[in-house]
Amino acid sequence: MYIIKIFSQIILISIFLSSCRTSINKEYPIKNLEKNIKEIPHPEKKRMEIKFSCGEDGITDYLDDGWKILKEDFQEKICTWKSVPATKDCNMEKDKGCKITKPDKIGEERIYLLEKEI
C-alpha cells in the first residue's frame, strides 16, 4: 500500500513538472503592436449627404472646404404647385372642393454623398 501511495505521488509530481516545463520552453513571438499602429495611419472620415433642388447649387462651398464627392445622384422633383379649377364653371374661392392642385414647375434634385478626412 505504501508503494502505491508513493508511486501515485511521483506520477502527479512528474505530470505537474512536465506541464510547467513545456509552458516555459515555448517562446511566443512578441509583436510590437504600437509600432505597427504608428506606421499605418487611419485618418477618421466624415460622411454627409446633402440635397440641392430646383436650381439651388451650393456644392462649391463644400468642395472648397475640403469635401470630396463620393456619389452624385439626380432625381426629378416638383418645384412649385398651382391650383386650377376642376371645371370651367367652378369658383375656387367659394367651392374649395372643385380646386385641383397640380405641378407647375418640375426641376431636378441633386443628391451628393460627400466625404472629408479629419
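Preceding this paragraph is the structure being described.
A quick note: this is a predicted structure, and the numbers were derived from the prediction, not measured. (Residues numbered from 1 in each chain as written. Predicted model: local features only at pLDDT ≥ 70, side-chain atom pairs only at ≥ 80, totals over all residues. Heavy atoms only, no water.)

Q: Quick one: what's the story with unusual backbone geometry, residue by residue and with numbers?
A: The backbone phi angle of Cys-54 is positive, close to 55°, even though this residue is not glycine. Along the polypeptide, Cys-54 turns up in the loop between β1 (45-53) and α3 (59-64). (Helix = DSSP H or I, 4+ residues; strand = E, 2+ residues; numbered from the N terminus.)

Q: Any chance you could break down the nonpolar core for me, citing the residues and the numbers?
A: Core analysis: the largest hydrophobic core is formed by six residues, namely Ile-50, Phe-52, Ile-59, Trp-67, Tyr-112 and Leu-114. For this core, the elements supplying multiple residues, two or more each, are β1 and β3 (99-117). (Core = buried A, V, L, I, M, F, W, Y, C linked by side-chain atoms within 4.5 Å. Buried < 20%, exposed > 50% of the residue type's maximum accessible area, 1.4 Å probe, protein only.)

Q: Can you explain the state of the cysteines? Please cite residues and give values.
A: Tallied over the full model, the rule gives two disulfides. A sulfur-sulfur separation of 1.9 Å characterises the disulfide bridge that pairs Cys-54 with Cys-79. Across the S-S bond linking Cys-54 and Cys-79, the dihedral sits near -105°, which makes this disulfide left-handed. Residue Cys-54 is found in the loop between β1 and α3, and its partner Cys-79 is found in strand β2 (residues 68-85); the two are separated by 25 residues along the sequence. The partly exposed category is assigned to Cys-54, whose relative accessible area is 33%. Exposure remark for Cys-79: the relative accessible area of 29% places this residue in the partly exposed category. Residue Cys-90 pairs covalently with Cys-98 via a disulfide, S to S 1.4 Å. Looking down the S-S bond of the Cys-90 and Cys-98 bridge, the torsion is 65°, so its handedness is right-handed. The same class applies to Cys-90 as to Cys-98, namely buried. Numbered by position along the chain, the disulfide-linked cysteines of the protein chain connect as 1-2, 3-4. (Disulfide = S-S within 2.5 Å.)

Q: So what about the pattern of salt bridges? Which residues, and what values?
A: This model, assessed by the stated rule, comprises four salt bridges. Glu-115 serves as the salt-bridge partner of Arg-47, at 3.2 Å between the closest nitrogen and oxygen. Residue Arg-47 is found in strand β1, and its partner Glu-115 is found in strand β3; the two are separated by 68 residues along the sequence. Classification of Arg-47 by relative accessible area gives exposed; the value is 58%. Between Lys-77 and Glu-109 there is a salt bridge, with its nearest N and O atoms 3.8 Å apart. In this pair, Lys-77 is assigned in strand β2 and Glu-109 in strand β3, connecting sequence segments 32 residues apart. (Salt bridge = Lys/Arg side-chain N within 4 Å of Asp/Glu carboxyl O.)

Q: Tell me about the sheet that holds β3, residues and numbers included.
A: Taken in spatial order, the three strands line up as β1-β3-β2 in an open sheet, and their pairing is antiparallel. The two strands at the open ends of the sheet, each matched to only one other strand, are β1 and β2. The sheet shows a mean angle of 20° between the axes of neighbouring strands, taken without regard to direction. Relative to β3, β1 runs antiparallel, the two being bridged by nine bridges. Each residue of the ladder has a partner; that of Lys-51, found in β3, is Ile-111. (Pairing = 2+ DSSP bridges. Axes fitted to C-alpha atoms, helices over the stretch in contact; angles between N-to-C directions.)

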